[in-house]
Amino acid sequence: MTDVLTGPASVTQERRLVTEVPGPRSRELLERRTAAVASGVGLTLPVFVERAGGGVVVDVDGNSLIDLGSGIAVVSVGNAAPRVVEAVQAQVAAFTHTCFMVTPYEGYVAVCEELSRVTPGDHAKKSALFNSGAEAVENAVKIARHATGRQAIVVFDHAYHGRTNLTMALTAKNMPYKQGFGPFATEVYRVPMSYPYRDEPGLTGPKAAARALALVEAQVGAGNVAGVLIEPIQGEGGFVVPAEGFLPAIADWCRASGALFVADEIQTGFCRTGDWFACEAEGVVPDLITTAKGIAGGLPLAAVTGRAELMDAVHSGGLGGTYGGNPVACAAALATIQTMREQDLAGAARAIEATMLPRLRALQERTGVIGDVRGRGAMIAIELVRPGTSEPDAELTGRIARACHAQGVVVLTAGTYGNVLRFLPPLVIGEHLLTEALDVLDAAFAQEAGAR
Ligand SMILES: *Cc1c(COP(=O)(O)O)cnc(C)c1O
């Protein structure tokens, strides 16, 4: 067994640049990528990975980068987490696939049992497993429509739910997700989100909910709504945290109207925000919840979990797919969940927030180009604006991100206006790496925005 595959122990937890970024070998591979890979597949950082572990990504030129992206909130337990690697190796050697709908296996059932335990609410639950977040969201919509006998799905401004045809309709942002890809699915209705930084002052959570729900009642009709689908903290939309009371008011309205409250916790789930799920912060219990990303330590897996009677409304054979709940991905998920429990990674996410927020607020004070610092747990963002205004500055955001990349820190951008820098470190990241990454960010602002 090579040491490359056994996790962080074999990848020194340090930032170390030995070439410019990207280095010559990455540039060579980039040329091959350009020639062979469709240009519609985007690229954040043109660095090719050789191995990764914990909070570090090592590229083909030998540069070690600090990872503040986790492959978009996926490797929360750390890249190549030792227990995940071990579980995957054992499963892949035993059997790789049978199709759960043909000849089932225990791992799938065990993941569904874990989902019943860790998701909010102590009601009877059941789950179905899929391959990607978008597929989970599509299936949640199918279940909501089937269980309620209604068709309308309510979604929010700035929402992101995926790139398949139905989920493009649910996603808000045109470029790059929807441009030229229509026509889109019908019976999808979009209403305003609670966005404290950009809402009028004094718009509380309950008032923002009333604003959205008045539109639903007037334009859709409460009795036609199968489900209200919402990210409890928006991901691609820029880590928009709704004002306190917004989510509970939406959930209350759903209960009163016979619509399902469907939480898309694909990005927020699995300890990312300092709880198992972001809905817990306000005690909201969703009827259906979609999960993916952090669930399986980097292997593709997704789920819909919900009230047993809703999940069981669908006829046998109505849900599924060839690979859904693949045994290797299930083994990885069980190891991931066990790691999160044993290492209290929800607590680790809260510790990351405690380190990051004061540093980012100090940076906000110094620079005058950060309009908002927000987020929860290890899901933290800053929104960049022109000084003295709330006018989005996407151009500066791009320059800061590139400056961080050049100095060996992986950061991601987000937001409807492209002006949000978001931070999604692995929950196991060492304090020294996190602090060093924040130093690099400070320097990037000093260089690009003239911060002291
Ligand atoms: C990433 C994401 C999706 C889509 O997941 P894929 O696995 O990329 O299909 C859906 N909803 C949210 C909130 C996400 O962050």
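In this text the structure is predicted, and so the values were computed from the model without any measurement. (Residues numbered from 1 in each chain as written. Predicted model: local features only at pLDDT ≥ 70, side-chain atom pairs only at ≥ 80, totals over all residues. Heavy atoms only, no water.)

Helices and strands together make up the secondary structure of the chain, namely 13 helices and 15 strands. Whereas a compact globule of 452 residues would reach a radius of gyration of roughly 22 Å, the chain reaches 22 Å, a difference of no more than 12%. Residues counted as buried form 55% of the 452 residues belonging to the chain. A separation threshold of at least 6 residues defines the contact pool for the chain, and within that pool the share at least 24 residues apart is 74%. Seen as two clouds, the 37 positive and the 47 negative side-chain charges of the chain have centres 3 Å apart. (Helix = DSSP H or I, 4+ residues; strand = E, 2+ residues; numbered from the N terminus. Rg over C-alpha atoms; globule rule 2.2 N^0.38 Å. Buried < 20%, exposed > 50% of the residue type's maximum accessible area, 1.4 Å probe, protein only. Contact = heavy atoms within 4.5 Å. Lys, Arg positive; Asp, Glu negative; His and termini not counted. Charge placed at Lys NZ, Arg CZ, Asp CG, Glu CD.)

Within strand β8 (residues 260-264), five of the five residues are buried, which leaves it mostly tucked inside the rest of the structure. Neither face of β8 is left uncovered, since the one carrying L260, V262 and D264 and the one carrying F261 and A263 both have all their residues buried. Bridge count for strand β7 (residues 225-230) against β8 is four bridges, and the pairing is parallel. Looking at β8, one finds that L229 is bridged to V262. Running through helix α8 (residues 246-257), the crossover from β7 to the neighbouring parallel element β8 is right-handed. Examined bridge by bridge, β8 and strand β9 (residues 288-291) share three bridges and lie parallel to one another. (Pairing = 2+ DSSP bridges. Right-handed = clockwise from strand over helix to strand, strands pointing away.)

What follows deals with the nonpolar core. Core analysis: the largest hydrophobic core is formed by 123 residues, its most contacted members being F261, L360, L421, L441 and F445. Tallying contributions element by element places helix α11 (residues 345-367) first for this core, with nine residues. Each of domain 1 (24-77 + 344-449) and domain 2 (84-342) gives at least three residues to this core. Sequence-distant contacts of L421, defined by excluding residues within four places in its chain, comprise I380, A381, I382, L384, T397, I400, A401, V411, L412, T413, L441 and F445. (Core = buried A, V, L, I, M, F, W, Y, C linked by side-chain atoms within 4.5 Å. Domains from an automatic or database assignment.)

Right, let's talk about the sheet that holds strand β5 (residues 152-156) for a bit. Spatially, seven strands are ordered β4-β10-β9-β8-β7-β5-β6 in an open sheet, and the strand pairing comes out mixed. Edge positions in the open sheet fall to β4 (125-130) and β6 (188-191), since each of these has one partner strand only. Shown here is a sheet whose adjacent strand axes are inclined to one another by a mean of 20°, direction ignored. Contacts from helix α4 (residues 106-118) reach β4, β9 and β10 (302-307) within the one sheet, and its direction differs from that of β4 by about 130°. (Axes fitted to C-alpha atoms, helices over the stretch in contact; angles between N-to-C directions.)

All right, on to the layout of surface pockets then. Considered as a void within the structure, the second largest pocket measures approximately 450 Å³ in volume. Lining the second largest pocket are 23 residues, with F100, Y108, S127, A128 and L319 positioned closest to its centre. Elements with a contribution of two residues or more to the lining of the second largest pocket: α4 and β4. Looking at the lining of the second largest pocket, the element that brings in the most residues is β4, giving five residues. (1 Å grid on protein atoms, 1.4 Å probe; cavity = no way out; pocket = protein on both sides within 12 Å on 5 of 7 lines; lining within 4 Å. Points joined across faces, edges and corners; volume = space filled by probe spheres on them.)

Partitioning the chain into domains gives domain 1 (24-77 + 344-449) and domain 2 (84-342). Computed over C-alpha atoms, the centres of domain 1 and domain 2 are 25 Å apart. Summed over both sides, the interface between domain 1 and domain 2 buries roughly 2900 Å², with carbon and sulfur atoms accounting for 57% of that surface. The largest share of the area that domain 1 buries against domain 2 comes from V77, R376 and M379, three residues that together contribute 26% of it. Our count for the contact surface shared by domain 1 and domain 2 stands at two salt bridges. We note a salt bridge from R198 to E383, for which the minimum N-O separation is 2.6 Å. Counting across the domain 1 and domain 2 interface gives 19 residue pairs in polar contact (both at pLDDT 80 or more). Of all the secondary structure elements, the ones that give two or more residues to the side of domain 1 that touches domain 2 are α2 (70-73), α11, β11 (370-376), β12 (379-384) and β15 (420-423). The greatest single-element share of the side of domain 1 that touches domain 2, amounting to five residues, is contributed by β11. Here the side of domain 1 that touches domain 2 is composed, by residue class, of 22 nonpolar, eleven polar and seven charged. (Buried area = accessible area lost by both parts, 1.4 Å probe. Salt bridge = Lys/Arg side-chain N within 4 Å of Asp/Glu carboxyl O. Polar contact = N/O pair within 3.5 Å; in protein donor to acceptor, adjacent residues only side chain to side chain. Nonpolar A, V, L, I, M, F, W, Y, C, P; charged D, E, K, R; others polar.)

Turning next to the site of the ligand. Residues in close proximity to the ligand include S132, G133, A134, Y160, H161, E231, D264, I266, Q267 and K293, which together make up its full environment. At 2.7 Å, a side-chain N or O of D264 approaches a nitrogen atom of the ligand. Within the contact set of the ligand, an oxygen atom lies 2.8 Å away from a side-chain nitrogen or oxygen of Q267. Burial of the ligand by the protein amounts to 82% of the accessible area it has alone, namely 380 Å². By residue class, the composition of the shell around the ligand is three nonpolar, four polar and three charged. (Near = heavy atom within 4 Å. Areas by Shrake-Rupley, 256 points an atom, 1.4 Å probe, with all protein chains shown as cover.)

Okay, α11 next. Between its terminal C-alpha atoms α11 stretches 32 Å, which fits the 33 Å expected from 23 residues at 1.5 Å a residue. Along its buried surface, α11 packs onto α10 (327-342), β11, β12, β15 and α13 (431-449). Of the residues one or two after α11, G368 is the one with positive phi, at around 70°. (Expected span 1.5 Å × (residues − 1).)

So, on to the pattern of salt bridges. Evaluated as defined, the whole model comprises 21 salt bridges. Here E14 and R16 are joined by a salt bridge, their closest N and O atoms 3.2 Å apart. Exposure remark for E14: the relative accessible area of 29% places this residue in the partly exposed category. Each of R198, D372, R374 and E383 takes part in one network of salt bridges that share partners.

A sheet is described by the order of its strands in space; here four strands give the open sequence β1-β2-β3-β13, paired in mixed fashion. At either margin of the open sheet sits one strand with a lone partner, and together these are β1 (49-53) and β13 (409-410). Both strand β3 (residues 64-67) and β13 contribute to a ladder of two bridges, which runs parallel. Within the sheet, the bridge partner assigned to I66 lies in β13 and is V409.

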